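# Notes for the structure review
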Amino acid sequence: MDGGFDYGRLIVRGADRPGIVASVSGALTEHGANILALDQSSSDPEGGRFFQRTVFQLPDLASRIDELNASLEIRLGEELGLDFRLVQVRRRKRVGIFVSRADHCLLDLLWRQRRGEIDMTVPMVLSNHPDLGDDVRRFGIPFFQVPLPREAKAAAEKEQVNLLKGNVDLLVLARYMQVLSGDFLAELGAPVINIHHSFLPAFTGANPHQRAKERGVKLIGATAHYVTEQLDEGPIIEQDVIRVSHRDSAQDLRRKGADVERQVLSRAVAWHCDDRVLQDGATTVVF
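Residues numbered from 1 in each chain as written. Predicted model: local features only at pLDDT ≥ 70, side-chain atom pairs only at ≥ 80, totals over all residues. Heavy atoms only, no water.

### Comments concerning the overall build of the chain
What counts is decided by this rule: Each helix corresponds to a stretch of at least 4 residues labelled H or I by DSSP, and each strand to a stretch of at least 2 residues labelled E; elements are numbered beginning at the N terminus. For the radius of gyration, the atoms used are the C-alpha atoms, and the globule rule reads 2.2 Å times the number of residues raised to 0.38. We call a residue buried when its accessible area falls under 20% of the maximum for its residue type, exposed when it is over 50%, and partly exposed in between, using a 1.4 Å probe and counting protein chains only. Contacts were defined at the residue level, with two residues in contact if any of their heavy atoms lie within 4.5 Å. Each accessible area is a Shrake-Rupley result for a 1.4 Å probe, and residues are judged covered by the shown protein chains and nothing else. In this tally Asp and Glu are treated as negative and Lys and Arg as positive; neither His nor the chain ends contributes. In plain terms, the charge of a residue is placed at NZ if it is Lys, CZ if Arg, CG if Asp and CD if Glu.
Secondary structure summary: the chain contains eight helices and 14 strands in total. Taken against the 2.2 N^0.38 rule, which gives 19 Å for 287 residues, the C-alpha radius of gyration of the chain at 21 Å falls within 12% of a compact globule. Judged by the C-alpha coordinates and their principal axes, the chain covers about 60 × 40 × 35 Å. In the chain, which comprises 287 residues, the share counted as buried stands at 46%. Intrachain contacts of the chain at a sequence separation of at least 6 include 65% that bridge at least 24 residues. Put simply, the chain shows about 14,200 Å² of open surface, and 47% of that area lies on carbon and sulfur atoms. Here the chain holds 36 positive side-chain charges and 40 negative ones, and the gap between their average locations is 7 Å.

Dropping the structure here:
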C-alpha cells in the first residue's frame, strides 16, 4: 500500500440495526474515499452485536482525518450509537515484547518484523533474564533486563510500566514465564497478547513434554489470547494443532510444539496490528 500513505481503516462495532453498512459507506464516499475492502459480521440480526472493518483510500488522509472523524462521530456515534475507531495505515503499531529464556517466539516475531511480514515496530524487548540480550540487539532493538525477585515483584512491575507506558500500543508475551498482576495490566493501559502450549492444563510445571509423551498424546497445539486478570482465560485470537505419534520423542514434541507456538503467535500479532481482531466480551471476531 505504498507505505500506507492515504490508506485508512475504519473499525465499527455496536448494536446491530438496518442501515449501518449504508451509513458507513455514505460517510466515507461523501469525503471522497474509495472503499477497498469491507468485512462485516453480526451475532444476531435481531438484537445482536454488529462488527465491521473497512479499508479505504483517501487522498491527503493525514490532513483530512480530523474532518472525517468529526463527520463519523455524527453519522455513526450520535445517529446510530456505534463505537468506531479510525486508523491511519501508515502509523504502524508499536509492539513491546516480554520474554524469559525461550527464544523461538521472540526471534520469529523479530525476523517477521524485519522482513515486513508483520506491520509493526518494536521499540523494546524486556526480559527477567539476560540470556537473549545479544540476540535482540543484533536486530537493532533495545533490550532491557528487569529481574523479578519474588519479594520485590511490585517494584519490578513498576519499572517495566515506566519503560513501556506511552511507548507501546501492544505488549506481547513471547513465552514470558511470569504472571502479570492486575495492577500492571491496569497501569499499562494497552492490550496484551499471550501464547501458551496445549499441554496446559493437563501437563503443568516442569517438563510437560515428557509427561505428555508418557501419556501418549496424539495432538499438540497452541493458543494465542488477550491477557486478563483471570489467568489464561482472556479472549482467544488464534489456535492451531498438529498430529504427533508414539514415534515422537519428548524432544520431538518440544520442537513441534515450538513450531506451532511461533505460527499461532505471529498470526495473532499480525492480525491485531492490521486491526482484524475485534473483541466482543469473552470472545473475538477476526476478519
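Back to the text.
### Regarding the pattern of salt bridges
Pairs may arise between side chains of opposite charge once their charged atoms sit close together. Counted only if it meets this: Here, a salt bridge means any Lys or Arg side-chain nitrogen found within 4 Å of an Asp or Glu carboxyl oxygen.
Scanning all chains against the criterion turns up 20 salt bridges. Here Glu187 ties to Lys165 by a salt bridge, and the two come within 3.1 Å at their closest N and O atoms. With Glu187 in helix 6 (residues 182–188) and Lys165 in the loop between helix 5 (153–164) and strand 9 (170–173), this residue pair connects regions lying 22 residues apart in the sequence. Among the residues examined, Glu187 registers a relative accessible area of 32% and is labelled partly exposed. Salt bridges sharing common partners tie together Arg9, Arg85, Lys93, Asp274 and Asp275.

### Points about the sheet that holds strand 3 (residues 49–57)
Rules: By the convention used here, strands pair only if DSSP detects at least 2 bridges between them. Lines are fitted to the C-alpha atoms to define the axes, a helix being fitted only along its stretch in contact, and any angle between axes, read from their N-to-C directions, falls within 0 to 180 degrees.
Taken in spatial order, the four strands of this open sheet run 2-3-1-4, and their pairing is antiparallel. If you trace the sheet from one side to the other, it starts and ends with strand 2 (34–42) and strand 4 (83–88), each paired once. Looking at each pair of strands side by side, their axes are set apart by 10° on average, direction ignored. Pairing of strand 2 with strand 3 involves eight bridges; the strand directions are antiparallel. Across the sheet, the residue bridging to Gln40 is Gln52, located in strand 3. Contacts between helix 1 (residues 20–30) and the sheet are confined to strand 1 (7–15), strand 2 and strand 3, with strand 3 contributing the most and set at about 25° to the helix. Sheet strands touched by helix 2 (residues 61–78): strand 1, strand 3 and strand 4. Its angle to strand 4, the strand with the most contacts, is close to 170°.

### Here we look at the layout of surface pockets
Let me state the cut-off plainly: Note on definitions: the grid is 1 Å and covers protein atoms alone; a cavity is a set of points where a 1.4 Å probe fits but cannot get out; a pocket is an open set with protein on both sides within 12 Å along at least five of seven lines; lining residues have an atom within 4 Å of a point. Grid points are joined across faces, edges and corners, and a volume is the space filled by probe spheres set on the points.
Estimates place the volume of the second largest pocket at around 400 Å³. As for the second largest pocket, its lining consists of 19 residues, of which Arg85, Val87, Lys93, His272 and Asp275 are closest to the centre. Of all elements in the fold, only strand 4, helix 8 (250–273) and strand 13 (277–280) reach the threshold of two or more residues within the lining of the second largest pocket.

### Thoughts on empty space enclosed by the protein
We apply this condition: Following the grouping adopted for this structure description, the nonpolar residues are Ala, Val, Leu, Ile, Met, Phe, Trp, Tyr, Cys and Pro, the charged ones are Asp, Glu, Lys and Arg, and the polar ones are all others, Gly among them.
Here the structure, examined in full by the defined rule, presents one cavity of 30 Å³ or more. There is about 40 Å³ of room inside the largest cavity. The wall of the largest cavity is formed by Arg9, Val87, Gln88, Val89, Arg91, Arg92, Lys93, Asp119, Cys273 and Asp275. The residue inventory of the lining of the largest cavity, partitioned by class, reads three nonpolar, one polar and six charged.

### Regarding the packing of helix 3 (residues 104–115) against helix 8
Inclusion rule: Convention used here: angles under 35 degrees read as roughly parallel, angles over 145 as roughly antiparallel, angles from 65 to 115 as roughly perpendicular, and any remaining angle as oblique. What makes a crossing left-handed is the near helix being turned counterclockwise from the far one by less than a right angle; a clockwise turn instead makes it right-handed.
Two elements in contact, helix 3 and helix 8, have axes separated by 9 Å at closest approach and are oriented at 45°. Classified by the angle between their axes, helix 3 and helix 8 sit oblique to one another. The two elements helix 3 and helix 8 cross, and the hand of that crossing is right-handed. Residues His104, Cys105, Asp108, Leu109 and Arg112 of helix 3 touch helix 8, and the partners they reach there are Ala258, Glu261, Arg262, Leu265, Ser266 and Val269. Looking at the contact of helix 3 with helix 8 residue by residue, the classes come out as five nonpolar, two polar and four charged.

### Here we look at the environment of Leu132
Within the element layout of this structure, Leu132 appears in the loop between strand 7 (125–127) and helix 4 (133–137). Residue classification places Leu132 among the buried positions, given a relative accessible area of 5%. In the structure, Leu132 is positioned 33 residues away from Val99 in sequence and 8.6 Å away in space, judged by C-alpha atoms.

### Here we look at the nonpolar core
For the record, the criterion: By convention a nonpolar core is built from buried Ala, Val, Leu, Ile, Met, Phe, Trp, Tyr and Cys residues, the set being connected through side-chain atoms within 4.5 Å.
Within the largest apolar cluster, 32 residues are counted, with the highest numbers of intra-cluster contacts made by Ile97, Leu106, Leu109, Met120, Val125, Leu265 and Val269. When contributions to this core are tallied by element, the ones reaching two or more residues are strand 5 (93–99), helix 3, strand 9, strand 10 (192–197), strand 11 (219–226) and helix 8. Top element by residues in this core is helix 8. It accounts for seven residues. Other than its neighbours up to four places away in sequence, Val125 contacts Ile97, Val99, Leu106, Val136, Ile141, Pro142, Phe143 and Phe144. Counting residues in hydrophobic clusters, the runner-up holds 19 residues, among them Leu10, Ala27, Leu82 and Leu86.

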